[in-house]
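Each chain is listed here by its residues.
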Amino acid sequence: MSKIRIYTLAKEVGVENHRMLEILDGLGVQYKSVSSTIEEDTVELIKQILAEEGTQVTGGQVEDVSPTVDAAEPGTGPTSAPATAAQPTAPAVTAPPEPAPGQMSSEGRPTPPAATATQVEERPAATATTELPHRAPVVTIMGHVDHGKTSLLDYIRKTKVAAKEAGGITQHVGAFEAQTSKGRIVFIDTPGHEAFTTIRARGANVADIAIIVIAADDSLMPQTREAIAHAQAAKVPMIVAINKIDLAQADPDRVKTDLTQLNLVPEEYGGDLVVVPVSARSGEGIEDLLEYIILTAEIEDLRADPKGEFAGVIIEGKVDKQAGVLATVMVQQGTLNLGDFLVVGEKYGKVKAMTDTNGGRIKSAGPSTPVQVLGFSEVPDSGEKVVAAKNEHAAREIVQARASDRRDVENARVRSRLTLEEMMGS
Ligand code: GTP
Ligand code: MG
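Since we're looking at a predicted model, the values are computed, not measured.

*Asks:* In this structure, what is going on with the overall build of the chain? I would like to understand it.
*Replies:* The helix and strand tally for the chain stands at ten helices and 16 strands. Across the 426 residues that make up the chain, the buried fraction comes to 48%. Counting contacts in the chain only where the partners sit at least 6 residues apart, residues at least 24 apart contribute 74% of the total. Looking at the chain as shown, the accessible area adds up to about 19900 Å², and 50% of this sits on carbon and sulfur atoms.

Below, the structure written as structure tokens:
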């Protein structure tokens, strides 16, 4: 009767989820995630704190928490809420909690309520000039071969990516931008075949969130464990998607039990791992998965400056018979423009042409945008950092400086080996 979900309250009083979690931390209130419920007296305390801060509290009616929270909350949506991200006078509030590596918390609820999460595109604009704009989450799809990663992505994008691949096996990392009903999400597909360990590791490193896809008829397999280890090593929050639940032989419970063996305890077993049953074939559960991605992204509070210095990473590089060297670059901060000079390792190039992931020609790309760039003379290595240079001269200087640094390190190594050999009298 007197409980309310954290994100519902956040939405009602017009503050962002991460701010609400900060306040709860300051109060020492225990919670598992933004979908956890809090007591009425805590709600009153929060409202007092916000009132002291000068936040205009709108609505905030304590409501029943029924298994299916109503999506429609007229007048309390993010657009009507006051933008109150600024918090210069936050009293006695601790920093937001670090999510445990590789895990995302959530309360034991098999399906998240539809459409109650704040939509990324509709966030109130940051009021403080020091606050950077939000950016879309970069989500890496990982898991064992044939567990349905590409099919899942394919369903989300409503394209036929899996069908177009030679032999149906993903051989490289592909980045795709999806405009979902819950906001923009950037997905990176990775191959599940055992030969592609490095690609999986790189995929995990550029991700904000990792989706571990596990087929319900196969459960945990070697590359599932490997993918989990990569996500944990990269300290990326993880969501498990149990796929192929449409199959007669699907056994999602076995997958959950097997996960507990790895110390990853699903929320319904009392842990804090979010596990979403889905079918890439029927589409079941995929809306819930997207909802959890957006909720996780909100907690991570992902921001980047489109006007800042450009930084990116190579997702993949290849030679196209007609076009020449093509590199997929993920813009991480700043803006990439046609004509910019880019440096990757000891290689540089000029952006002669740029396309988005749907093949459309574009002139500039902001944070969390994967773009295909034409203009490198050699194929850049995936996973490498990309920086921009003012002009060709500056690009060449960066390359030369890096080459000379590398030679210095190599020479130092040779010298120390020689000294060691002298000392050993050989
Ligand atoms: P790799 O990229 O090679 O690691 O595979 P993948 O994980 O991307 O798997 P992919 O999407 O290529 O799917 C493998 C096979 O499983 C295909 O035959 C799909 O049609 C099938 N499949 C994928 N998802 C589902 C599902 O939800 N239900 C059923 N019944 N089949 C599925
Ligand atoms: Mg695939």
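*Asks:* Would you take a moment to explain the sheet that holds strand 6 (residues 209-215) for this structure?
*Replies:* The pairing of strands in a sheet happens through backbone hydrogen bonds and is either parallel or antiparallel. Read from one edge of the open sheet, six strands run 4-5-3-6-7-8, paired in mixed fashion. Every interior strand has two partners, whereas the edge strands, strand 4 (174-180) and strand 8 (274-277), have only one. Going from strand to strand, the sheet's axes swing by 25° on average, the running direction of each strand aside. Strands strand 3 (138-143), strand 4, strand 5 (183-189), strand 6 and strand 7 (238-243) of the sheet are contacted by helix 4 (residues 149-157), whose axis makes an angle of about 155° with strand 5.

*Asks:* Help me understand unusual backbone geometry in this model?
*Replies:* Even without being a glycine, aspartate 146 presents a positive backbone phi close to 65°. Along the chain, the position of aspartate 146 falls in the loop between strand 3 and helix 4. Under the relative-accessibility criterion, aspartate 146 is labelled exposed at 55%. If you check the backbone angles, serine 219 has positive phi at about 60° while not being a glycine. As for its placement among the helices and strands, serine 219 is situated in the loop between strand 6 and helix 7 (222-233). What makes serine 219 buried here is its relative accessible area of 1%.

*Asks:* Is there a simple way to explain the packing of helix 2 (residues 17-27) against helix 9 (residues 286-300) in this structure?
*Replies:* Helix packing for two helices is described by the angle between their axes and how far apart those axes are. Between helix 2 and helix 9, whose axes approach to 7 Å, the crossing angle comes to 60°. By the criterion of interaxial angle, the relationship of helix 2 to helix 9 is oblique. For the pair helix 2 and helix 9, the sense of crossing is right-handed. When helix 2 is examined against helix 9, the residues Asn17, His18 and Leu21 are found in contact with a partner set consisting of Leu295, Glu298 and Ile299.

*Asks:* Can you help me understand the pattern of salt bridges in this one?
*Replies:* Tallied over the entire structure, the rule returns 13 salt bridges. One salt bridge in this structure joins arginine 303 and glutamate 16, with 3.8 Å as the shortest N-O distance. In this pair, arginine 303 is assigned in the loop between helix 9 and strand 9 (311-320) and glutamate 16 in the loop between helix 1 (6-13) and helix 2, connecting sequence segments 287 residues apart. The exposure classification of arginine 303 matches that of glutamate 16, with both residues buried. Among the ionic pairs, lysine 256 bridges to aspartate 253, the shortest N-O distance being 3.9 Å. One end of the pair, lysine 256, and the other, aspartate 253, are both in helix 8 (residues 252-261), three residues apart, so they sit about a helical turn from each other. The buried category is assigned to lysine 256, whose relative accessible area is 7%.

*Asks:* Is there a simple way to explain the site of ligand 1 in this structure?
*Replies:* The local shell around ligand 1 holds 20 residues, among which Lys149, Ser151, Gly192, Asp246 and Ala280 are the closest. One of the backbone N or O atoms of histidine 147 is found 3.3 Å from an oxygen atom in ligand 1. At 3.0 Å, a side-chain N or O of lysine 244 approaches an oxygen atom of ligand 1. Taking 650 Å² as the accessible area of ligand 1 by itself, protein coverage stands at 84%. Looking at which element gives the most residues to the shell around ligand 1, the answer is helix 4, with three residues. Looking at the shell around ligand 1 residue by residue, the classes come out as five nonpolar, ten polar and five charged.

*Asks:* Any chance you could explain the environment of valine 344 here in plain terms?
*Replies:* Tracing the sequence through the fold places valine 344 in strand 12 (residues 341-344). Using a relative accessible area of 2% as the deciding quantity, one classes valine 344 as buried. With 324 residues separating them in the primary sequence, valine 344 and methionine 20 have C-alpha atoms 40 Å apart. Excluding anything up to four places from it in sequence, valine 344 contacts Ile314, Phe376, Pro380, Glu384, Lys385, Val386 and Arg402.

*Asks:* Looking at this structure, I do not really get the packing of helix 4 against helix 9. What am I missing?
*Replies:* Closest axis-to-axis distance for the helix 4/helix 9 pair is 11 Å, and the angle between their directions is 90°. By the angle between their axes, helix 4 is roughly perpendicular relative to helix 9. Every residue of helix 9 that contacts helix 4 at Leu152, Tyr155 and Ile156 is listed here: Ile286, Leu289 and Leu290. Looking at the contact of helix 4 with helix 9, its residues break down into six nonpolar, no polar and no charged.

*Asks:* Whenever I open this one, helix 10 (residues 392-423) confuses me. Can you help?
*Replies:* One turn of an α-helix holds 3.6 residues; hence residues three or four places apart share an orientation. With 32 residues, helix 10 extends 46 Å between its outermost C-alpha atoms, agreeing within 8% with the 46 Å of an ideal straight helix rising 1.5 Å per residue. The inward-facing, buried residues of helix 10 contact strand 12, strand 13 (347-355) and strand 16 (385-389). Once helix 10 ends, the next one or two residues include glycine 425, with phi positive near 70°.

*Asks:* Got a minute to help me understand the pairing of strand 13 in this structure?
*Replies:* Consecutive side chains of a regular strand alternate in pointing toward one face of the sheet and then the other. Sheet topology note: the strand 12/strand 13 ladder contains four bridges and is antiparallel. Note that in strand 13 the partner of valine 344 across the bridge is lysine 347. The antiparallel pairing of strand 12 with strand 13 creates a hairpin that spans two residues between the two strands, and glycine 345 there sits at a positive phi of about 60°. Of the pairings in the sheet, the one linking strand 13 to strand 15 (residues 369-376) comprises four bridges and is antiparallel in character. Residue pairing for strand 15: threonine 355 is matched across the bridge by glutamine 372.

Rules and cut-offs
- Every chain is numbered independently, its residues counted from 1 as its sequence is written.
- Naming scheme: in the order in which they are written, chains are lettered from A and ligands are numbered from 1.
- Local features in this predicted model are restricted to residues whose pLDDT is 70 or higher, and side-chain atom pairs enter the listing and the counts only when it is 80 or higher, whereas totals over whole chains, interfaces and linings include all residues.
- Side-chain measures were taken over the full set of non-hydrogen atoms in the model, leaving aside hydrogen atoms and water.
- Secondary structure follows DSSP: runs of H or I at least 4 residues long count as helices, runs of E at least 2 residues long count as strands, and numbering of each begins at the N terminus.
- Under the scheme applied here, a residue whose accessible area is under 20% of the maximum for its type counts as buried, over 50% as exposed, and between as partly exposed, the area being computed with a 1.4 Å probe on protein chains only.
- Throughout, a residue-residue contact means that at least one pair of heavy atoms, one from each residue, lies within 4.5 Å.
- Residue-level accessible areas treat just the shown protein chains as cover; the underlying method is Shrake-Rupley with a 1.4 Å probe.
- Any two strands with at least two DSSP bridges between them are considered paired.
- Simply put, an axis is a line fit to the C-alpha atoms, just over the touching stretch for a helix, and the angle between two N-to-C directions goes from 0 to 180 degrees.
- Here the word oblique covers every angle except those under 35 degrees (roughly parallel), over 145 (roughly antiparallel) and from 65 to 115 (roughly perpendicular).
- Helix crossings get a hand from a simple test, with the near helix turned counterclockwise from the far one by less than a right angle marking a left-handed crossing and a clockwise turn marking a right-handed one.
- Salt bridge, as used here, is a side-chain nitrogen of Lys or Arg placed within 4 Å of a carboxyl oxygen of Asp or Glu.
- For each residue, the test is whether any non-hydrogen atom lies within 4 Å of the molecule or strand; if one does, the residue is near.
- Side-chain atoms alone can form a polar contact between residues adjacent in sequence; in general such a contact is a pair of N or O atoms within 3.5 Å, and within protein one must be able to donate a hydrogen while the other accepts it.
- Polar here means any residue other than Ala, Val, Leu, Ile, Met, Phe, Trp, Tyr, Cys and Pro, which are nonpolar, and Asp, Glu, Lys and Arg, which are charged; Gly is therefore polar.
- To estimate the expected span of a helix, count its residues, drop one, and scale the result by 1.5 Å.

It is worth stressing that arrangement in space is one thing and function is another; only the former is reported here.
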